[in-house]
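Structural features, examined
Okay, here's what each chain looks like letter by letter:
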Amino acid sequence: MNDSKRRHGSGSQRHKIALALQGDGSDGAFTWGVLDRLLEDPTLEVIGLTGTSAGAMNTVVVADGLLSGGPEGERQRLREFWERQDARIWNAALAPVWRSPIESAP
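These remarks concern the structure in this document. These figures come from a predicted structure and were not determined experimentally. (Residues numbered from 1 in each chain as written. Predicted model: local features only at pLDDT ≥ 70, side-chain atom pairs only at ≥ 80, totals over all residues. Heavy atoms only, no water.)

1. So, the pattern of salt bridges
Taken as a whole and judged by the stated rule, the model has six salt bridges. For the salt bridge of Arg37 with Glu40, the shortest nitrogen-to-oxygen distance reads 3.7 Å. Of this pair, Arg37 and Glu40 both sit in helix α2 (residues 25–40), separated by three residues, roughly a single helical turn. A residue is classified by how much of its surface remains accessible, and Arg37, at 42% relative accessible area, is partly exposed. With its nearest N and O atoms 2.6 Å apart, the salt bridge here joins Arg77 to Asp64. By relative accessible area, Arg77 is classed as partly exposed at 29%. Three or more residues joined by partner-sharing salt bridges are found here, namely Asp36, Arg37, Glu40, Asp41 and Arg75. (Salt bridge = Lys/Arg side-chain N within 4 Å of Asp/Glu carboxyl O. Helix = DSSP H or I, 4+ residues; strand = E, 2+ residues; numbered from the N terminus. Buried < 20%, exposed > 50% of the residue type's maximum accessible area, 1.4 Å probe, protein only.)

Written as structure tokens, this is what we have:
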């Protein structure tokens, strides 16, 4: 089967996969990218997900997205979730810089 047919799911049945997602914040963000790619592949069908820590967060977000919008809903929810986390991390990292000297005093 040529690459184009595989990418578009023409003439092939979907392969069912189950995923176990590991924890750790940075791995969770990396996993978002992997999940995004897997969820956009029309030849794959995710039939099971489990995870710990950040992997569990990804699992819940994917399940919520599936219930509200199918594979594209899953991808959208993951994108929204991890973009919010990115904003929170940057805000927390810069908070000491944004405080006035009086607020920062011991």
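2. Concerning the environment of Ile47
Along the chain, Ile47 falls in strand β2 (residues 44–51). Sequence separation between Ile47 and Lys16 is 31 residues; the distance between their C-alpha atoms is 6.2 Å. Leaving out residues up to four positions away in the same chain, Ile47 has contacts with Lys16 and Ile17. (Contact = heavy atoms within 4.5 Å.)

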